[in-house]
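Reading the structure
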Amino acid sequence: MDPQIANKLGTSLLLVPSVHELAKQPMTIVPERYIHPNQDPPSVEFATSHQVPVIDLNKLLSEDENELEKFDLACKEWGFFQLINHGINPSTLEKVKISVEEFFSLPMKEKKKFWQNQGDLEGYGQNFVVSEEQKLEWADLFYIFTLPSYVRNPHLFPCIPQPFREAVESYSLELEKLCMTIIKLMAKTLKIKPNELLELFEDVSQAMRMNCYPPCPQPEHVIGLNPHSDAGALTILLQVNDTEGLEIRKDGMWVPIKPFSNAFVINIGDILEILTNGIYRSIEHRATINSEKQRISIATFHGPQMNKIIGPTPSLVTPDRPALFKRIGVADYYKGYFSRELNGKSYLDVVRIQNA
Ligand SMILES: O=C(O)CCC(=O)C(=O)O
């Protein structure tokens, strides 16, 4: 793959101020540009009886039929699950969590060294800002391409201070392995030949989005991350501190997620929905803000190589279940996704076959 492809996925981004800096100022009313009126509140009542499935990777790997069935249902009905007993060394998690927290708490003059250039996805700042009128999210992010290693930005990645860079590198490799394990298990539960999916994920592409959501005096009027589904195949989310904020839309209601300590929250992205011909579904989610506490999360996105063409996997297209999506190049899918404001699952319609 041309290393330039990854770095040129976002071309119409506008630069915005740091919310981390803004939130340090004394404030009772947030600036108008951050106010998102008419947001649906979370359904706490629904959440008390419905929580995302908790999947035990140890059990899946020992071929526990009940767990495999639970995993298959989680991918079909929720598009989200928490993964426990995932085998990733707790010290790898601890190191990456500490380094990310330290990174966000660096003085602005240090973080400025990583500030996005106009039009770039990578770096410190924001994504999905495409117009001067658009409402902004209450968050700062640090976005980097991590794998394959040859797509790492030579002006960004090597400048990440140690031990943060080393922590990111070990975490990235462990998550790549975990992603492949999950994709193989999906091939099994979908009853398709493993290679039908796996050959797309040779040299998996991986990016990390580290999110910092500062506290806000009007949390119900701002949003940390707009409702969206992820573009890629599989997202592995690590909650860095114990402030909650992730919500997913289930049966039309917003359900808050309560991550277990050191568990991963895993979700299916649009590309996996396309590849599985709609059997496994990407689900809308959003990040809300706390009035007093900062929240930090690391979302690690995995997908096929940028130069691959994707479409429904042939063995999942049958007379009873015709292809629901058109074929499209992976890089083209991402380019369109990153050139718009986040808006639920609407971007998937670009490849949806009408009347299928
Ligand atoms: O911070 C979270 O919990 C959600 C992060 C997320 O959805 C993303 O980075 O795409």
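Here the structure is a predicted model, which means the values were calculated and not measured.

Calculation criteria
- Residues numbered from 1 in each chain as written.
- Predicted model: local features only at pLDDT ≥ 70, side-chain atom pairs only at ≥ 80, totals over all residues.
- Axes fitted to C-alpha atoms, helices over the stretch in contact; angles between N-to-C directions.
- Helix = DSSP H or I, 4+ residues; strand = E, 2+ residues; numbered from the N terminus.
- Parallel < 35°, antiparallel > 145°, perpendicular 65-115°, else oblique.
- Contact = placed C-beta atoms within 7 Å.
- Buried ≥ 20, exposed ≤ 12 C-beta atoms within 10 Å, placed from the backbone.
- Pairing = 2+ DSSP bridges.
- Expected span 1.5 Å × (residues − 1).
- UniProt positions renumbered as here; feature names shortened; annotations may be inferred.
- Near = placed C-beta within 6 Å.
- Nonpolar A, V, L, I, M, F, W, Y, C, P; charged D, E, K, R; others polar.
- Left-handed = near helix turned anticlockwise from the far one by under 90°.

**Digging into the packing of helix α5 (residues 65-78) against helix α8 (residues 164-189)**
It is at 10 Å that the axes of α5 and α8 come closest, and there the two elements cross at 95°. In terms of orientation, α5 and α8 fall into the roughly perpendicular class. Across the interface between the two elements, Leu68, Phe71, Asp72 and Cys75 from α5 touch Leu185, Met186 and Thr189 from α8.

**Some details on the pairing of strand β12 (residues 295-303)**
Within β12, 9 of the 9 residues are buried, which leaves it mostly tucked inside the rest of the structure. The alternating pattern of β12 places Arg295, Ser297, Ala299, Phe301 and Gly303 and Ile296, Ile298, Thr300 and His302 on opposite faces, both of which are buried. As judged from the 9 bridges shared by strand β5 (residues 205-213) and β12, these two strands associate in the antiparallel manner. Directly across from alanine 207, in β12, lies its bridge partner phenylalanine 301. Judged from the 6 bridges that link them, strand β7 (residues 234-239) and β12 form a sheet pairing that is antiparallel. Note on β12: the bridge partner recorded for isoleucine 236 is threonine 300.

**Looking at the sheet that holds strand β10 (residues 264-268)**
Spatial strand order, β1-β2-β10-β7-β12-β5-β4-β3: 8 strands in an open sheet with mixed pairing. The open sheet has two edge strands, β1 (54-56) and β3 (123-125), and neither has a second partner. On average, each strand axis in the sheet is inclined to that of its neighbour by 25°, with strand direction left out of account. Relative to strand β4 (residues 140-147), β3 runs antiparallel, the two being bridged by 3 bridges. Across the sheet, glycine 123 pairs through a bridge with tyrosine 143, a residue of β4.

**Topic: α8**
Two residues of an α-helix separated by three or four positions point the same way, owing to the 3.6 residues in each turn. With 26 residues, α8 ought to run about 38 Å at 1.5 Å a step, and its terminal C-alpha atoms sit 37 Å apart, in line with that. Every buried residue belonging to α8 is among Ala167, Val168, Tyr171, Leu175, Glu176, Leu178, Cys179, Ile182, Ile183, Leu185 and Met186, and all of these are buried. Looking at the residues trailing α8, positive phi occurs at lysine 191, about 60°.

**Focus on the UniProt feature "domain: Fe2OG dioxygenase" (unreviewed entry) in the protein chain**
UniProt feature "domain: Fe2OG dioxygenase" (unreviewed entry): in the numbering of this structure it lies at residues 203-304. Split by type, residues 203-304 is 6% helix and 44% strand. Its first and last C-alpha atoms lie 8 Å apart.

**Here's the deal with unusual backbone geometry**
The general pattern is negative phi for most residues beyond glycine and trans for most peptide bonds. Cis peptide bonds are those with omega within 30 degrees of zero, and the linkage from leucine 147 to proline 148 qualifies with -5°. The backbone phi angle of glutamate 63 is positive, close to 60°, even though this residue is not glycine. The topology assignment puts glutamate 63 in the loop between α4 (57-61) and α5. Given 9 C-beta atoms within a 10 Å radius, glutamate 63 is considered exposed. If you check the backbone angles, asparagine 277 has positive phi at about 55° while not being a glycine. With respect to the helices, strands and loops of the structure, asparagine 277 is situated in the loop between α10 (270-275) and β11 (285-287).

**Quick look at the site of the ligand**
The full set of residues close to the ligand is Arg209, Asn211, Leu225, Asp230, Leu237, Gly245, Leu246, His285, Ala287, Ser297 and Ala299. Sorting the residues of the shell around the ligand by element identifies β5, β11 and β12 as the ones contributing at least two each. For the shell around the ligand, the per-class residue count stands at 5 nonpolar, 4 polar and 2 charged.

**Some words on the packing of helix α6 (residues 90-104) against α8**
In contact at an axis separation of 9 Å, α6 and α8 are set at 135° when each is read in the N-to-C sense. By the angle between their directions, the pair α6 and α8 is classed as oblique. Handedness of the crossing formed by α6 with α8: left-handed. In contact with Thr92, Lys95, Val96, Ser99 and Phe103 of α6, α8 contributes Phe164, Ala167, Val168, Ser170, Tyr171 and Glu174. Of the residues in the contact of α6 with α8, the class split is 6 nonpolar, 3 polar and 2 charged.

**Description of the sheet that holds strand β8 (residues 246-250)**
Taking strand neighbours across the sheet as the criterion, the 4 strands line up as β6-β11-β8-β9 in an open arrangement whose pairing is antiparallel. Each edge of the open sheet is held by one strand with a lone partner, namely β6 (225-228) and β9 (253-256). Across the sheet, the axes of successive neighbouring strands diverge by a mean angle of 25°, strand direction being ignored. Of the pairings in the sheet, the one linking β8 to β11 comprises 3 bridges and is antiparallel in character. Each residue of the ladder has a partner; that of leucine 246, found in β11, is alanine 287.

**Quick notes on the environment of asparagine 211**
Assignment of secondary structure puts asparagine 211 in strand β5. Spatially, the C-alpha atom of asparagine 211 lies 5.5 Å from that of isoleucine 296, the residues being 85 residues apart in sequence. Look past the residues within four positions of asparagine 211 in its chain and what remains in contact with it is Ala139, Leu141, Leu225, Ala287, Ile296, Ser297 and Ala299.

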